[in-house]
Amino acid sequence: MIELFFVTCLLANPDRCTDHSLLFEEQNGLFTCMLQSQSELAKWMATHPTEQVREWKCRYAGQGDRKA
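Residues numbered from 1 in each chain as written. Predicted model: local features only at pLDDT ≥ 70, side-chain atom pairs only at ≥ 80, totals over all residues. Heavy atoms only, no water.

## Digging into the sheet that holds strand E1 (residues 2-10)
The sheet built from 3 strands is open, its strands ordered E2-E1-E3 with antiparallel pairing. Every interior strand has two partners, whereas the edge strands, strand E2 (17-24) and strand E3 (51-60), have only one. For this sheet, the mean angle separating the axes of adjacent strands, direction not counted, is 20°. In the sheet, E1 pairs with E3 via 9 bridges, with the strands oriented antiparallel. The residue bridging Leu4 from the neighbouring strand is Cys58, located in E3. (Pairing = 2+ DSSP bridges. Helix = DSSP H or I, 4+ residues; strand = E, 2+ residues; numbered from the N terminus. Axes fitted to C-alpha atoms, helices over the stretch in contact; angles between N-to-C directions.)

See the structure below:
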C-alpha cells in the first residue's frame, strides 16, 4: 500500500498539530499518489474547515516512524 501522510494544524491554534494518512493501492505507485494527493487533500480540507495542511508526502505504508 502507498500512504499519503500529512500533518494538519488547527487554524485557531497552529501549534496543535495531528498526523493523518490516506491509503492508495500499491499497484498505482508513488507517482500516482503524488498526482492525486493535492485533490485528496483538498477534499479532506473541505470537510475539516478548522484545520490546515502543514506538510505532506507520499510513502510506502508502514514507514510510520518517519515524519513528513
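## Quick notes on the side chain of Glu51
In this fold, Glu51 is placed in strand E3. The side chain of Glu51 is buried and forms no salt bridge, while Arg16, the nearest opposite charge, is found at 8.5 Å. Other than its neighbours up to four places away in sequence, Glu51 contacts Thr8, Cys9, Leu10, Leu11, His20 and Trp44. (Buried < 20%, exposed > 50% of the residue type's maximum accessible area, 1.4 Å probe, protein only. Lys, Arg positive; Asp, Glu negative; His and termini not counted. Salt bridge = Lys/Arg side-chain N within 4 Å of Asp/Glu carboxyl O. Contact = heavy atoms within 4.5 Å.)

## Thoughts on the packing of aromatic side chains
A ring pair, where both rings are aromatic, is described by two values, the distance of the centres and the angle of the planes. Within the structure shown, the criterion is met by 1 aromatic pair. Measuring from ring centre to ring centre gives 5.3 Å for Phe6 and Trp44, while their planes differ by 75°; the resulting arrangement is edge-to-face. Residue Phe6 is found in strand E1, and its partner Trp44 is found in helix H1 (residues 29-47); the two are separated by 38 residues along the sequence. Trp44 matches Phe6 in its accessibility class, with the two residues each being buried. Looking at Arg59, its charged tip hangs above the ring of Phe5, at a distance of 4.1 Å from the centre. (Phe/Tyr/Trp six-rings, centres within 6.5 Å; stacked < 30°, edge-to-face > 60°. Lys NZ or Arg CZ within 6 Å of the ring centre and 35° of its normal.)

## Structural notes on the pattern of salt bridges
Under the definition given, this model contains 2 salt bridges. Between Arg59 and Glu3 there is a salt bridge whose closest N-O contact spans 2.7 Å. Here the residue Arg59 occupies a position in strand E3, and Glu3 occupies one in strand E1, the gap between them amounting to 56 residues. The exposure class assigned to Arg59 is buried, which follows from its relative accessible area of 4%. Between Lys43 and Glu40 there is a salt bridge, with the nearest N and O atoms lying 3.5 Å from each other. Taken as a pair, Lys43 and Glu40 lie in helix H1 at a separation of 3 residues, close to a single helical turn. On the basis of relative accessible area, Glu40 is assigned to the partly exposed category, the value being 25%.

In short, shape yes, function no, at least from these values alone.
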